[in-house]
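Spelled out, the chains give:
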Amino acid sequence: RAVSRRLACGDVEGRLEAIFGRVRAIQAKSGRFDMLLCVGNFFGSTSEAEWAEYRTGAKKAPIPTYVLGANNQDTLSYFPDVSGCELAENITYLGRRGVYSGCSGLQIAYLSGTEAHEQPAPAHSFSAKDVAELKTSLLSTPNFRGVDILLTSPWPRDVGTFANSAGEIDTKKCGSKLVSDLAASLKPRYHFAALEKAYYERLPYRNHMVLQETPQHVTRFIALADVGNTSKKKYLYAFSIVPMSSMDAAELVKQPQDVTENPYRKLRKEAPKSKAPLCAEEEPAQFFFDLNKHQGKKRPSDGKERGDSQPKQAKKPPQPTGPCWFCLASPEVEKHLVVSIGTHCYLALAKGGLSPDHVLILPIGHYQSVVDLSSEVLEEVTKYKAALKEFFRSKGKRYVLFERNYRSQHLQLQVVPVPLDLCTSEDIKEAFIAQAQEQQIELLEIPEHSDIAQVAQPGTPYFYVELDTGEKLLHRIRGRFPLQFGRCVLASEALLAQPQRADWRQCAAQRPEEAAQARAFRREFEPFDFSLRD
C-alpha cells in the first residue's frame, strides 16, 4: 500500500520564503514529503516582490505545492484561470471547486473562496450552487464512502459542537454553514481550513449514528494559523495517509478512544428531507438539445437510438469527480459550440480556436484519455477522424491532431486544419520535434500502424500528436509540461504564423460570434457527417 506523506499549512499571506524555508528544514530532518496543501490566503497585500522570483523561475518551490484560490478582491489577479492552472514551477492553483485524484488513488476535494452573502456571488466567493454541484458530482458515484481530504479556506460553522474548546474562536458564529454542509456530505478523513489566525485540532468525530448505521471512518478537522505568526501558533501540519480506496474496510472504520458525536448531526438529520442526487442508473430519460432543424433527430442522453430491439451493452464510462466542462450531459458544456453528435462522441468548435474550423473530438461519456476509451468509443473517434480528413481535404487543408493527457480530466482531441499549400506533413513533424528539443521535451515517433494504447498505459500522463498521414509522435510526461505546447507549435512562425493565438484566452470570441461560426461549420460539414446518416 502506498503511504502518502503530506504537509498542510494555513494562510501563507505571501510569505513564501518563510513557508518554503520551513518545509526545507522539515524535509532535511524528516525526509521527503509528497506535497504541500495550502488553505486560506496564499497571497497577501505585499506578495508581489517575493512572488515575482517564483513566477519567473528564479526560485522554485522545494515541494509540489497546491493552493486554493482568492478569498478577497485584492488577490484575484494572481489566479488567471478559474478552473485551475500552474502558477509557477511546482506551485499549482487547484481551481474553484472539484476533486484532485492522485496516482496513488488519494482523493482531495477542494472549495476555493469564502461563502457568498450576495447574488451573483463575487469571483472570490462560493455559492450554495457551487457546494451542491461539488456534492452531487461525488455522491452520485457508485459506492461513495467519502473523500480522503477536504480543503476549504473558511472553517465549517459549529465545528466545535460536542468537542474540545476552540479557544477564542466562537465556532457557533465563525465560519461557513455551506462548508459544514459540504463536510457532512463528503465525510473527509481530514478537513483543513484557515483564515481565523488560530490553530485548532478538533477531536475526531463520527460519520455514522451509533447502533443505527453501519460504522464509518472518522473525520479529523484541523484549522491552521498564519505562516510566521508572532504567537508561535502552529501553521504547518505533517501527516501520513493511506488512500481510502487501498484500505481494508475494518481498518478504515476503527474508532479512536476520543471520538465524539458528529458536530453536524442536525444537518445530517435534515438531509433526507431534501431530494437526494440521482444515481446514474436512476437518471430519468432526458434528451440533449436540438442542434437545429436540419439535424434531423434528438438523441437520448444514454447515447442509444430508440427502437433498437437489442441495444449494445457498452462498458459504462467512469463518472467525473467534479463538474466537467466536456461531459455532454453536464450543465457546464457550452452547447452552442457543438457541431455534431454521434452515438458515443461529439464534435465541438474549440473555444478561442487557432482558426474558425479548429474542432475538438470529445467522448459523450467521461473518459480521461484515448487509452481509457472502450472499443465502441474508439471506433467512433476513428470515424470522426476519417470524416474530418475528407472534409478538410475538400477545403485544401490537412489536419493535425493532438491530445494532452495532463492536468485535464476529460479527453479532448484537438483537430487543427493547416492549408496544404502552407506546409507539408514533414514540415509539421519537424516543427513539433524542433520546439520539443528547444524545451528539452523528448518527442518520440511511434510506428505508423501502432496504437497509442500499446505504448501508453492508462493513467500515464502524455502528450500525443497525430498527422492525417497516420504519423504519430508521443512524449511521456514525467514532470512539468507546458500546457499550451501543441497550440504554441501550430501558432508559431514555422506553421500558421499566428503566435498571438497560442493562448486560447487571448482569442476567445463573444458567444453570438461563436454560435455563428458553429452554424457555418455545421452547414459545411453536413455532407461528411456520418452521424446524420447512421
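Scroll up a little and you will see the structure.
Below: a short report on this structure. As the structure is a prediction and not an experimental result, all values here were calculated from the model. (Residues numbered from 1 in each chain as written. Predicted model: local features only at pLDDT ≥ 70, side-chain atom pairs only at ≥ 80, totals over all residues. Heavy atoms only, no water.)

Right, let's talk about the overall build of the protein for a bit. Scanning the protein from N- to C-terminus turns up 10 helices and 22 strands. Scored against the burial criterion, the 534 residues of the protein give a buried share of 53%. Contacts spanning at least 24 positions in sequence make up 71% of the contacts within the protein whose residues lie at least 6 apart. On the protein, roughly 25,100 Å² of surface is accessible, and the fraction owed to carbon and sulfur atoms is 49%. (Helix = DSSP H or I, 4+ residues; strand = E, 2+ residues; numbered from the N terminus. Buried < 20%, exposed > 50% of the residue type's maximum accessible area, 1.4 Å probe, protein only. Contact = heavy atoms within 4.5 Å. Areas by Shrake-Rupley, 256 points an atom, 1.4 Å probe, with all protein chains shown as cover.)

Our focus in this paragraph is empty space enclosed by the protein. Considering all chains together, one arrives at 2 cavities of 30 Å³ or more under this definition. Taken as a whole, the second largest cavity holds about 30 Å³ of empty space. If you go around the second largest cavity, the residues you meet are Gly40, Asn41, Phe42, Phe43, Leu68, Gly69, Ala70, Asn71, Thr75 and Phe79. Here the residues of the lining of the second largest cavity sort into 5 nonpolar, 5 polar and no charged. (1 Å grid on protein atoms, 1.4 Å probe; cavity = no way out; pocket = protein on both sides within 12 Å on 5 of 7 lines; lining within 4 Å. Points joined across faces, edges and corners; volume = space filled by probe spheres on them. Nonpolar A, V, L, I, M, F, W, Y, C, P; charged D, E, K, R; others polar.)

A few words now on the packing of aromatic side chains. This structure, assessed with the given rule, holds 29 aromatic pairs. Here phenylalanine 42 and phenylalanine 43 contribute two aromatic rings whose centre-to-centre distance is 5.0 Å and whose plane-to-plane angle is 85°, an arrangement assigned as edge-to-face. With respect to burial, phenylalanine 42 and phenylalanine 43 carry one shared label: buried. Between tyrosine 406 and phenylalanine 481, the ring centres sit 6.3 Å apart and the planes meet at 85°, which makes this aromatic pair edge-to-face. Placement of tyrosine 406 in the loop between β18 (397-405) and β19 (413-419) and of phenylalanine 481 in the loop between β22 (472-476) and α9 (485-491) is noted, with a sequence separation of 75 residues between them. Grouped by ring-pair contacts, the aromatic residues Phe42, Phe43, Trp51, Tyr78, Phe79 and Tyr93 constitute a single cluster. The ring of phenylalanine 33 has arginine 5 lying over it, and the distance from NZ or CZ to the ring centre is 4.1 Å. (Phe/Tyr/Trp six-rings, centres within 6.5 Å; stacked < 30°, edge-to-face > 60°. Lys NZ or Arg CZ within 6 Å of the ring centre and 35° of its normal.)

Turning our attention to the sheet that holds strand β2 (residues 35-38). Across the sheet, which stays open at both edges, the 6 strands sit in the order β4-β5-β3-β2-β1-β14 with mixed pairing between neighbours. Two strands lie at the open edges of the sheet, namely β4 (85-88) and β14 (236-241), each paired on one side alone. Averaged over all adjacent pairs, the angle separating strand axes in this sheet is 25°, with direction ignored. Packed on one face of the sheet, helix α2 (residues 48-55) meets β4 and β5 (91-93) and runs near 110° to β4. (Pairing = 2+ DSSP bridges. Axes fitted to C-alpha atoms, helices over the stretch in contact; angles between N-to-C directions.)

Our next topic: the sheet that holds β22. A sheet is described by the order of its strands in space; here 8 strands give the open sequence β15-β16-β17-β19-β18-β21-β22-β20, paired in antiparallel fashion. The two strands at the open ends of the sheet, each matched to only one other strand, are β15 (338-341) and β20 (444-446). This sheet shows a mean twist of 25° between the axes of neighbouring strands, independent of strand direction. Here β18 runs beside strand β21 (residues 462-467); their pairing, made up of 6 bridges, is antiparallel. Within the sheet, the bridge partner assigned to arginine 404 lies in β21 and is phenylalanine 463. Where helix α7 (residues 375-394) meets the sheet, its contacts fall on β15, β16 (345-349), β17 (359-363), β18, β19 and β21, and the angle it forms with β18 comes to roughly 145°. Lying on the sheet, helix α8 (residues 425-438) is in contact with β18, β20, β21 and β22; it crosses β21 at an angle near 165°.

This next bit is on the packing of α7 against helix α10 (residues 511-525). Interaxial distance between α7 and α10 falls to 11 Å at its minimum, and their mutual angle equals 95°. Considered as vectors, α7 and α10 are oriented roughly perpendicular to each other. Residues Ala387, Leu388, Phe391 and Phe392 of α7 touch α10, and the partners they reach there are Phe521, Glu524 and Phe525. When the residues that make up the contact of α7 with α10 are grouped by side-chain class, the tally is 6 nonpolar, no polar and 1 charged. (Parallel < 35°, antiparallel > 145°, perpendicular 65-115°, else oblique.)

Our focus in this paragraph is the nonpolar core. One recurring pattern in soluble globular proteins is that nonpolar side chains are buried together. Ile361, Leu388, Val415, Ile452, Tyr462, Phe521 and Phe525 are the most contacted members of the largest nonpolar core, which has 34 residues in total. Elements supplying a minimum of two residues to this core: β16, β17, α7, β18, β19, β21 and α10. Here the element with the most residues in this core is α7; it accounts for 7 residues. Once residues within four sequence positions are removed from consideration, phenylalanine 521 is found in contact with Val339, Leu349, Asp357, Val359, Leu388, Phe391 and Phe392. By size, the runner-up hydrophobic cluster in this structure holds 30 residues, among which are Val12, Phe42, Ala70 and Tyr78. (Core = buried A, V, L, I, M, F, W, Y, C linked by side-chain atoms within 4.5 Å.)

Mapped onto the fold, valine 455 is located in the loop between β20 and β21. Separated by 19 residues in sequence, valine 455 and leucine 474 place their C-alpha atoms 8.9 Å apart. Here valine 455 is in contact with Ile446, Leu474 and Arg476, once residues within four sequence places are set aside.

Next up on the list: the pattern of salt bridges. According to the stated counting rule, one finds 25 salt bridges in the structure shown. With a shortest N-O distance of 3.1 Å, aspartate 130 and arginine 96 are connected by a salt bridge. Of this pair, aspartate 130 sits in helix α3 (residues 128-139) while arginine 96 sits in the loop between β5 and β6 (97-101), and the two are 34 residues apart along the sequence. Classification of arginine 96 as partly exposed rests on a relative accessible area of 28%. Close ionic contact of glutamate 466 with lysine 385 constitutes a salt bridge, the shortest N to O distance being 3.0 Å. Within this pair, whereas glutamate 466 is found in strand β21, its partner lysine 385 is found in helix α7, the two being separated by 81 residues in sequence. Among the residues examined, glutamate 466 registers a relative accessible area of 7% and is labelled buried. Residue classification places lysine 385 among the buried residues on the basis of a relative accessible area of 16%. Salt bridges here are not isolated pairs; linked through shared partners, they connect Arg96, Arg97, Lys129, Asp130 and Glu133. (Salt bridge = Lys/Arg side-chain N within 4 Å of Asp/Glu carboxyl O.)

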